[in-house]
There are 2 protein chains.
Amino acid sequence: MTTTATTLKGQPLDRQTLDAMLRRRLFFTPAFEIYGGVAGLFDYGPPGCALQANIVETWRKHFILEEDMLEIDTTVLTPHEVLKTSGHVDKFADWMCKDPKNGDILRADHFVEDVLEARLKGDKEARGQKVEEEDDPKKKKKRKTKAEAVKLEDAVVQEYEEILAKIDNYNGEELGELIKKYDLRNPNTGLQPSPPVAFNLMFQTAIGPSSNLPGYLRPETAQGQFLNFAKLLDFNMQQMPFASASIGKSYRNEISPRAGLLRVREFLMAEIEHFVDPEGGKKHVRFPEVNTVELTLLDRHTQLAGKTDVKKMTIGDAVSNKVVDNETLGYFLARIHLFLQKIGVDMNKVRFRQHMENEMAHYAADCWDAELLTSSGWIECVGCADRSAYDLSVHAKKTGAPLVVRERLDEPLIFEEWQVEIDKKKFGPQFKKDGKTVEAALEGTTQEQREKLAKQLTDNGELELEVVGVGSGTVKVSKDLVKIEFRKRVENTREFTPNVIEPSFGIGRILYSLIEHVYWNRATEDGAGDEARGVLSFPPTVAPTKVLIVPLSANKQFQPFVSKISQKLRKYGISARVDSSSATIGKRYSRNDELGTPLGITIDFQTVQDSTITLRDRDSTKQVRADEDTIIAAIQSLVTGAKEWKDVAAELPTFESQEVDVTVR
Amino acid sequence: MTTTATTLKGQPLDRQTLDAMLRRRLFFTPAFEIYGGVAGLFDYGPPGCALQANIVETWRKHFILEEDMLEIDTTVLTPHEVLKTSGHVDKFADWMCKDPKNGDILRADHFVEDVLEARLKGDKEARGQKVEEEDDPKKKKKRKTKAEAVKLEDAVVQEYEEILAKIDNYNGEELGELIKKYDLRNPNTGLQPSPPVAFNLMFQTAIGPSSNLPGYLRPETAQGQFLNFAKLLDFNMQQMPFASASIGKSYRNEISPRAGLLRVREFLMAEIEHFVDPEGGKKHVRFPEVNTVELTLLDRHTQLAGKTDVKKMTIGDAVSNKVVDNETLGYFLARIHLFLQKIGVDMNKVRFRQHMENEMAHYAADCWDAELLTSSGWIECVGCADRSAYDLSVHAKKTGAPLVVRERLDEPLIFEEWQVEIDKKKFGPQFKKDGKTVEAALEGTTQEQREKLAKQLTDNGELELEVVGVGSGTVKVSKDLVKIEFRKRVENTREFTPNVIEPSFGIGRILYSLIEHVYWNRATEDGAGDEARGVLSFPPTVAPTKVLIVPLSANKQFQPFVSKISQKLRKYGISARVDSSSATIGKRYSRNDELGTPLGITIDFQTVQDSTITLRDRDSTKQVRADEDTIIAAIQSLVTGAKEWKDVAAELPTFESQEVDVTVR
């Protein structure tokens, strides 16, 4: 298990060089930069936008198409009442502290983490130990507090480490206590900040011209799916289980966004809501297909013990050992693992971390995050929660809409029981304003009480019942107003509120982590000096552009070949770009290594003679040569994932390159 | 040219039956319906969501891939300052009136339109003329005002008609005058509403924890593209012309949204910004490819004359006759036409309408809307504007960012001219607070003046210049402070701000209009009674689901075939759905006719014997029969658009259907 961020080839990852490259190639860029930018908002340039589209497309195939999920597209604007019911208005908040002097606004958990980490670093320095900026696997951001070389007592070091291991487990009050107990001070002013207060993370707005309908930008796509549950069940012809899915933007007004794409205020999510019968152990019919998939797990107990040791385990074992709560949750954890693998994530840098009690919503049965290791530490990229029946229940209760499944029972259920039958026409006039109260008291009786009351009716022609707040507290009801009889009741249908298993993907975080995982430097690898020659080894299926077409020079003879090949690739829906600039072939290929373009076609003088072209593999820089149609067929098989380069290299004749000049820029 | 809404087969379009069908099949649904809904917000259910994705995918191929456009994804959240500069804060508004009694909020132009239309209808009734609800091609919404049979004078009828033809041309003051002049009253109260005031259509929010950064949800994707112009030009290696494109949500806080998907508050847009050199007549290199495409045009002059007569014209003629301003604008109008054709829009229900002066932004050079005829009248679905250099200029001016193109000139430009050279070090101390004013006056002199001033310097050792507001109004400057000489200036580069041609697509409006265009009723067509048997004849390329798989019955023998065929289709990325419900084959097909599924596979007892399956065509209900691989190959060719049903029907043996029962529901 890797614990520090490295490139694909195991080189130390130089974040600055990578950032400069991503900027230069316009993968993404701060939004509104010419206006000074806005923290937490980023635009995707052409390669980032294409990468995002390809990740989403792979996701759609892997999840939606594979399992016939019902994809829907719901609105971002959401009225207040919906998010009040879901609990977001009251609870979707982070803990925020304020500096009493300069008004600095600090996110409380990040602040505690930051100061304690700085003290631990200072301690190491004081002890003369080697300090690596990247050796803390929990670190999620750039450190703001400067470390001072002050030695701590061994017991204190241990306390700090245990706090950091479960930093996500503290509520606002507890964070406030930590700040006091350890006298944590804002490095900018040297003062203790104010006690943490909750800051709601939703962006608010007003809908309509009279501004009387308050609303929010949704913080997740899930609620829109829950509200449509009854319609979706209908659409699915009442069949259970089924899943809905949504891909769309969500919004969180982060207190202090940083770490680039990893903590932003506007982001693309892909969420699945899988609706399942809560009875019968939440089995999944396709679980046997993933049974042997091995996952890296960091469970709740390990974290609460202040540790971060992971275990490797098949999902089959994890479910049968009750490490993971149920089959359906386990099925999706395995499917998430397979998805990450498919898009090119380094599986040595993936772990599934279980939520601790305080981290989970109170209704959740279990929750695991897929975390990816990056230069900013372990990043939650996918959440997979069992949300139980919470959301459907609260919305049903609030609106009266029947968000339930009615299932015809194979064998009807038969109940024998004492039943109360009230003659409401006579009841009202008799009891007047107390009618409802007395009725409720009668309906609320237990089977035992009813048996006794029935006897009273038979024996005395009336019953006596205690009803608090009515008259003297005891009410008499005569037998012409009520019947109590032992009867049979037959139920042909069963009604239940489904539970929800929710895999939820942060596409931007996955995208950024993937970039770090596939990045490496060819120059370092070659041992050819410190020249920056970045490569992004995306799998061809997700690479932004699939093919670079380069004519050897500006010679006009090459132009018809460039056009013809471009058109053919376009016809097959394969994205290609032509570079007919005057730079050397090597430079043009290097530029596209940085863009992660996996394949290159060169058109040279031999092409003009015999119509053959060469095909270059980005990762090995090896080339093959064949006629146009053969090369295009090879490209098709590579970009659909049907073949790998080694297959193509084995089938087609190798070409020794004219690529002499490989200087960059 | 069609002027009333009909089905694909020319039947009168029954909007209520269609709406019920779209609701039943969950194409779209009011958002938050269980909470009572929010006007102008809709969710797309599975078929609507898939249809939307397929339209977007076709768009991406037709525009982005075809022309190597630079697709980017920018944020929806936009800070105040950006939209202040672009003019949206001050001018992106509709005119709103308020009823003095009940507070009804009315959109002024819709209100005027509504009342005048009702009066015209009442006039027709009074004259005993036939009144058709749908005969007004400009009608955009459901009428609120009830028509009363009151005859109008002929001159008044003409006035009303002329006002309606140019209703989009009035500003708030003019709308207010119309309300007074014709005494237009709110039907709910019988009162004249208040004079129109501007209501800004942007949703406002606050960014960050201290709420000190006001922002909006973008009303268009365009601004994000303009702000990235310099980076995109770099990415494109400084080559002009080029286009960027964005697909994403935009928001408009409509005063009174109605007409379903046609006027909503949150919507998906696809926008192109094509950057072009303003000099040289805005030629387009690929214009000859579309030269002969014939468009239906409704120009500005016709509308201002109070008419709605269209002209058919090739785009080549339209540009050379100056009906359309330039080649690049014309190129995109033709490309829009071809796109609409490709997705299955009825081209007899499309017209391109030119904006009138008041409708256009003041900076726009020309603007045309592609309007589609629906049961709500002619609907603007695509706008295509020449935005000139406006946006880039205002953002550059505000931020100082160089949003320009620098072009190396093949032949340098040489200017010979009188130049003023000021010695700034001496100038300040001499003139003190007046320094800047005198300097500006010197810099502002003409060539003729400079020649004279130069002579003064040579002759007198000083010059005399009129500078209003400095001293007596005449200033003397000695030759040690300034030089004026006849010199040569060489310019090697040309700098210019590109103009922007912007095709802008409202995907939701296109989607809804398309549904109306491809809808028809099989029962009416067969003459088989008034049974509702709706069909949506989407082209296979955009249809939500491509294939329905139906086993003849629940017999277990069919199951392996169902699984195998599903898997194969999935492998090829062809979306299919299985219906193994107990309904008759006919019912199951009818259900999928309503979903617009173009193809159906039946698995029957013959399949079990010889592995052949049948393939059904939705539109003709004809079937062919062949082995599995042949049928799947046929499906592939149909869904990619390579073949049409008639080709497949000619190649494969016809199958006479077991489809006996065709009763619906």
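The numbering scheme is per chain: residues are counted from 1 as the chain's sequence reads. The order in which chains are written sets their letters, starting at A; the order in which ligands are written sets their numbers, starting at 1. Selection of residues for local features in this predicted model requires a pLDDT of at least 70, selection of side-chain atom pairs for listing and counting requires 80 or more, and totals for whole chains, interfaces and linings are taken over all residues. To obtain the side-chain values, all non-hydrogen atoms of the structure were included, while hydrogens and water were left out.

For chain A, an unreviewed UniProt entry supplies the name glycine--tRNA ligase and the organism Colletotrichum salicis. Entered under Subcellular location (unreviewed entry) in the UniProt record, the comment concerning chain A runs "Cytoplasm". UniProt positions are given in the numbering used here, feature names are shortened, and annotations may be inferred rather than shown by experiment.

Enquirer: Quick one: what's the story with the interface of chain A and chain B, residue by residue and with numbers?
Expert: Any pair of residues with heavy atoms lying within 4.5 Å of one another is described as a contacting pair. Each partner contributes to the interface: chain A provides 77 residues, whereas chain B provides 77 residues. Where chain A abuts chain B, roughly 6,500 Å² becomes buried across the two surfaces, and 65% of that area is made up of carbon and sulfur atoms. Should a side-chain nitrogen of Lys or Arg be within 4 Å of a carboxyl oxygen of Asp or Glu, the pair is scored as a salt bridge. Viewed at the interface, chain B and chain A are joined by six salt bridges. Any pair of N or O atoms that falls within 3.5 Å is considered a polar contact. Within protein, one atom must be able to donate a hydrogen and the other to accept it, and sequence-neighbouring residues count only if both atoms are side-chain atoms. Across the contact surface, chain A and chain B share 28 residue pairs in polar contact (both at pLDDT 80 or more). Helix and strand definitions follow DSSP, with helices as H or I runs of at least four residues and strands as E runs of at least two, each counted in order from the N terminus. When residues in the side of chain A that touches chain B are grouped by element, the largest group, seven residues, is from helix 2 (residues 46-65) of chain A. Of the residues belonging to the side of chain A that touches chain B, the class tally is 40 nonpolar, 18 polar and 19 charged. Buried area: the accessible area, evaluated with a 1.4 Å probe, that two parts lose upon being put together, summed over both parts. Classes in brief: Ala, Val, Leu, Ile, Met, Phe, Trp, Tyr, Cys and Pro nonpolar; Asp, Glu, Lys and Arg charged; the others, Gly included, polar.

Enquirer: Talk me through the pattern of salt bridges; I want residue IDs and the actual numbers.
Expert: Residues and elements named next belong to chain B. Scanning the model with the defined rule gives 119 salt bridges over all chains in all. A salt bridge links Arg127 to Asp154; its shortest N-O distance comes to 2.7 Å. A residue pair is termed long-range when its members are at least 10 positions apart, and Arg127 in the loop between helix 5 (108-126) and helix 6 (154-165) and Asp154 in helix 6 qualify at 27 residues. Note on Arg127: relative accessible area 30%, which makes it partly exposed. Only protein chains enter the area calculation, which uses a 1.4 Å probe; residues under 20% of their type maximum are buried, those over 50% are exposed, and those in between are partly exposed.

Enquirer: Pulling in residues and values, what's your account of helix 23 (residues 628-639) of chain A?
Expert: Residues and elements named next belong to chain A. The span you would expect from a helix comes to 1.5 Å times its residue count less one. Relative to the 16 Å expected for twelve residues at 1.5 Å per residue, helix 23 spans 16 Å between its end C-alpha atoms, a close match to the ideal helical length. For helix 23, every residue scored as buried is listed here: Glu628, Ile631, Ile632, Ala634, Ile635, Ser637, Leu638 and Val639. Structurally, helix 23 contributes buried residues whose contacts are with strand 24 (547-551), helix 20 (559-571), strand 26 (599-603), strand 27 (612-617), strand 28 (623-627) and helix 24 (645-651). After helix 23 finishes, the residue Gly641 shows a positive phi value of roughly 85°.

Enquirer: Just give me the short version of the sheet that holds strand 4 (residues 77-79) of chain B, but keep the residues and values in it.
Expert: Backbone-to-backbone hydrogen bonds join strands into a sheet, with any given pair of strands oriented parallel or antiparallel. All names here are of chain B. Here a strand pair is declared whenever DSSP counts at least two bridges between the two strands. On the basis of which strands lie adjacent, the open sheet formed by three strands has the order 4-9-8 and antiparallel pairing. Only two strands of the sheet have a single partner each, and these edge strands are strand 4 and strand 8 (204-207). Ignoring which end each strand starts from, the neighbouring axes of this sheet average 45° apart. Direction of pairing for strand 4 relative to strand 9 (residues 213-217): antiparallel, over a ladder of three bridges. Bridge pairing in strand 9 links Pro79 to Gly215. Throughout, an axis means a line fitted to C-alpha atoms (over the contacting stretch in the case of helices), and angles, computed between N-to-C directions, take values from 0 to 180 degrees.

Enquirer: Describe the domain arrangement of chain A, naming the residues involved and giving the relevant values.
Expert: Examined at the domain level, chain A breaks down into domain 1 (15-75 + 218-391 + 500-508), domain 2 (93-200), domain 3 (412-494) and domain 4 (545-651). Domain 2 of chain A and domain 4 of chain A are separated by 52 Å when their C-alpha centres are compared. In this entry, domain limits derive from an automatic or database-based domain assignment.

Enquirer: Summarise the state of the cysteines; cite the residues concerned and give the values.
Expert: All names here are of chain A. A pair of cysteine sulfur atoms is labelled a disulfide when the two atoms are within 2.5 Å. Tallied over the full model, the rule gives zero disulfides over all chains. The structure places no disulfide on Cys367, whose sulfur is separated from the nearest cysteine sulfur, that of Cys384, by 7.5 Å. A relative accessible area of 8% means that Cys367 is categorised as buried.

Enquirer: Could you give an account of the packing of helix 5 of chain B against helix 7 (residues 172-181) of chain B, with specific residues and numbers?
Expert: All names here are of chain B. The contact between helix 5 and helix 7 brings their axes to 10 Å, and the two run at 30°. It follows that helix 5 is roughly parallel to helix 7 by the angle criterion. Crossing hand, helix 5 versus helix 7: left-handed. The residues of helix 7 that touch helix 5, namely those facing Ala108, Asp109, Phe111 and Val112, are Leu175, Leu178 and Ile179. Should an angle fall under 35 degrees it is called roughly parallel, over 145 degrees roughly antiparallel, and 65 to 115 degrees roughly perpendicular, with every other angle called oblique. Here a crossing is called left-handed whenever its near helix is offset anticlockwise from the far helix by less than a right angle, and right-handed whenever the offset is clockwise.

Enquirer: Lay out the environment of Lys283 of chain B with the relevant residues and their values.
Expert: Residue and element names in this part refer to chain B. By the element assignment, Lys283 lies in the loop between strand 11 (266-276) and helix 10 (287-290). Lys283 gets classed as exposed once you look at its relative accessible area, which sits at 59%. In contact with Lys283, not counting residues within four places along its chain, are Glu327 and Thr328.

Enquirer: I'd like to hear about the relation of the copies chain A and chain B, residue by residue, with values.
Expert: Turning chain A through 180° and shifting it by 0.1 Å along the axis lays it on chain B, with an RMSD of 0.4 Å. Taken together, these values place the two copies in the relation of a two-fold axis. By C-alpha distance to the rotation axis, the residue of chain A lying nearest is Thr205 of chain A, at 2.6 Å. Interface overlap between copies is the fraction of interface residues in one copy that are interface residues in the other; for chain A against chain B it reaches 100%, indicating a shared surface. What sets the superposition is a least-squares fit of C-alpha atoms, and only residues with pLDDT of at least 70 in both copies go into it.

Enquirer: Can you tell me about the packing of helix 15 (residues 424-431) of chain A against helix 16 (residues 435-443) of chain A, naming the residues and giving the values?
Expert: Residues and elements named next belong to chain A. Running from N to C, helix 15 and helix 16 cross one another at 125°; their axes reach a closest spacing of 8 Å. The orientation of helix 15 relative to helix 16 falls into the category oblique. Along the contact surface, helix 15 presents Lys424, Phe427 and Phe431, while helix 16 presents Gly435, Val438, Glu439 and Leu442. Considered class by class, the residues forming the contact of helix 15 with helix 16 number four nonpolar, one polar and two charged.

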